[in-house]
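# Residue-level structure breakdown
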Amino acid sequence: RWPVPYRRFDYRPKADPYCQARYTFCPTGSAIPVMKEEDVIEVYRLQAPVWEFKYGDLLGHLKIMHDAVGFKSSLTGKNYTMEWYELFQLGNCTFPHLRPDMDAPFWCNQGAACFYEGIDDAHWKENGTLVLVTTISGAMFNEMAKWVKYDNETGIYYETWTVQASPNKQSIVWFDSYECSKFILRTYQKLADLGAIFKKIQTNYTSIILFSGEPIYLGNETSIFGPLGNKTLAAAIRDFYYPFKPHRTVREFFVDLLKIIDRVILNHQFYLFYNLEYWFLPMKFPYLKIIYEEVPLPIGNKTSFGV
């Protein structure tokens with residue numbers, strides 16, 4: 001059925017030492033505190049351009065935004081930030097490594113939640129958003145924290161792409177992404193289920209969309225790259241991913257860019273890795289689009305938790 005359901009797992013595996021991040025994941029992370037039930041906690045929508053700390057508002061002009069959620073305790077006055085992002089940066093989640101000692105592409109594509117004390121007001125306000133969206137009780141916060149633990153332990157892989165049949169809003173969605181904004185949307189929905197009443201403000205989120213005809217299932221790593229696998233298909237997948245590797249020179253980048261254009265646009269080919277399985281996407285115009293689209297805040301249940 002479409003979209004293909006995102007697969008959840010029983011536990012989070014340890015990351016392979018081969019996977020290395022240029023920037024440490026969640027460097028000041030801490031455990032989620034237990035709040036006093038009678039506490040009143042403000043909930044903030046946080047949004048800023050991706051990699052703002054390095055490129056400023058550059059990606060903001062393309063509406064490539066990162067989302068998070070902030071909390072402020074009325075009893076303690078402490079602020080907290082919670083977000084979900086890649087353990088090894090976006091490139092590693094989107095494309096694999098082709099290791100000479102391995103037949104199958106090697107993926108470093110885990111994503112996880114990060115919680116830490118403080119809200120960097122300058123980071124979120126300068127080129128983005130820091131706005132109050134609702135107020136919850138300490139009891140609701142503690143229930144949310146239990147859900148975050150479950151969500152983080154079972155939803156472990158970052159999925160960059162949304163894949164759909166056309167730019168039409170009623171278009172079939174073949175695959176849905178699983179990234180920072182989806183975590184924030186799930187968090188808001190959980191708070192709404194617990195009784196949070198959200199303000200009526202416009203909230204937009206970034207999606208990177210591929211356009212494709214009906215996807216064709218190809219198999220998993222074993223069935224394609226294993227001893228009894230399809231060697232022709234295995235070679236085609238490796239060949240497809242090769243131009244997406246990191247580039248050392250400008251010339252190398254442009255040579256590989258031409259290969260990507262040839263395969264994706266001229267030959268309408270894309271190989272998608274989703275739920276640890278491979279799919280073939282027969283690409284269609286306009287091939288790829290970055291949208292910044294409104295997703296309304298959820299409607300809460302006023303009776304939950306006696307709110």
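Residues numbered from 1 in each chain as written. Predicted model: local features only at pLDDT ≥ 70, side-chain atom pairs only at ≥ 80, totals over all residues. Heavy atoms only, no water.

### Things to note about the pattern of salt bridges
Following the criterion strictly, the structure yields 11 salt bridges and no others. A salt bridge links D151 to R8, with the shortest nitrogen-to-oxygen separation between them at 2.8 Å. Here D151, found in helix α4 (residues 138-154), pairs with R8, found in the segment before β1 (40-49); they are 143 residues apart in sequence, far enough to count as distant. The salt bridge involving E293 is made with K169; its shortest N-O contact spans 3.9 Å. Highlighted residues: E293 in strand β11 (residues 277-294) and K169 in the loop between β6 (162-164) and β7 (173-175), separated in sequence by 124 residues. (Salt bridge = Lys/Arg side-chain N within 4 Å of Asp/Glu carboxyl O. Helix = DSSP H or I, 4+ residues; strand = E, 2+ residues; numbered from the N terminus.)

### Let's talk about unusual backbone geometry
Cis geometry marks the peptide bond from W2 to P3; its omega dihedral reads -10 degrees. Summarising the element assignment, P3 is placed in the segment before β1. Between F285 and P286 the backbone carries a cis peptide bond, its omega angle lying at 5 degrees. When you line up the elements, P286 lands in strand β11. In the Ramachandran plot, C26 falls in the positive-phi region, its phi being about 50 degrees despite a non-glycine side chain. When you line up the elements, C26 lands in the segment before β1.

### Some remarks on the sheet that holds strand β4 (residues 111-117)
Here we have five strands laid out as an open sheet, ordered β4-β3-β2-β1-β5, and antiparallel in their pairing. A single partner strand is all that each edge strand has here, and the edge strands are β4 and β5 (129-137). Ignoring which end each strand starts from, the neighbouring axes of this sheet average 25 degrees apart. As defined by bridge partners, β1 adjoins β5 across eight bridges and the pair is classed as antiparallel. Bridged to E42 within β5 is T135. Contacting β1, β2 (65-73), β3 (79-86), β4 and β5, α4 crosses the sheet at an angle of about 110 degrees to β5. (Pairing = 2+ DSSP bridges. Axes fitted to C-alpha atoms, helices over the stretch in contact; angles between N-to-C directions. Contact = heavy atoms within 4.5 Å.)

### Observations concerning the nonpolar core
Grouped together as the largest cluster of nonpolar side chains are 65 residues, with contacts concentrated most on F71, F175, Y241 and F270. Each residue touching F175, except ones within four places of it in the same chain, is listed here: W2, P3, V4, W161, T162, V163, P215, L272, Y274, W279 and L281. (Core = buried A, V, L, I, M, F, W, Y, C linked by side-chain atoms within 4.5 Å. Buried < 20%, exposed > 50% of the residue type's maximum accessible area, 1.4 Å probe, protein only.)

### Concerning helix α8 (residues 250-266)
Between the first and last C-alpha of α8 there are 23 Å, a value that for 17 residues agrees with the 24 Å anticipated at 1.5 Å per step. Looking only at α8, the buried set comprises D256, I260, R263 and V264. The arc that holds every buried residue of α8, seen down its axis, measures 85 degrees, which confines them to one face. Facing away from the buried surface of α8 by more than 90 degrees, the exposed residues are V250, R251, L258 and L266. Close packing links the buried residues of α8 with α7 (231-241), β10 (269-274) and β11. Positive phi shows up at H268, right after α8, with a value of about 55 degrees. (Expected span 1.5 Å × (residues − 1). Arc of directions from axis to C-beta.)

### Considering α4
Look at α4: 25 Å from first C-alpha to last across 17 residues, which is about the 24 Å you get at 1.5 Å a residue. In terms of burial, α4 is a largely internal element, 12 of the 17 residues being buried. Along α4, the residues classified as buried are G138, A139, M140, F141, N142, M144, A145, W147, V148, D151, N152 and T154. Packed against the buried residues of α4 are β1, β2, β3, β4, β5 and α5 (180-194).

### A look at the packing of aromatic side chains
Tallying each qualifying case throughout the model produces 30 aromatic pairs. Between F9 and Y157, the ring centres sit 5.4 Å apart and the planes meet at 80 degrees, which makes this aromatic pair edge-to-face. Of the two residues, F9 sits in the segment before β1 while Y157 sits in the loop between α4 and β6, which places them 148 residues apart along the sequence. Consider the rings of W107 and F273, whose centres lie 4.4 Å apart with planes at 10 degrees: the pair is stacked. Taken together, the positions of W107 in the loop between α2 (89-94) and β4 and F273 in strand β10 put the pair 166 residues apart, joining distant regions of the chain. What makes W107 buried here is its relative accessible area of 13%. What makes F273 buried here is its relative accessible area of 10%. Taken together through their ring pairs, the aromatic side chains of F95, W107, W161, F225, F240, Y241, F244, F270, Y271, F273, Y278 and F280 make up a single cluster. (Phe/Tyr/Trp six-rings, centres within 6.5 Å; stacked < 30°, edge-to-face > 60°.)

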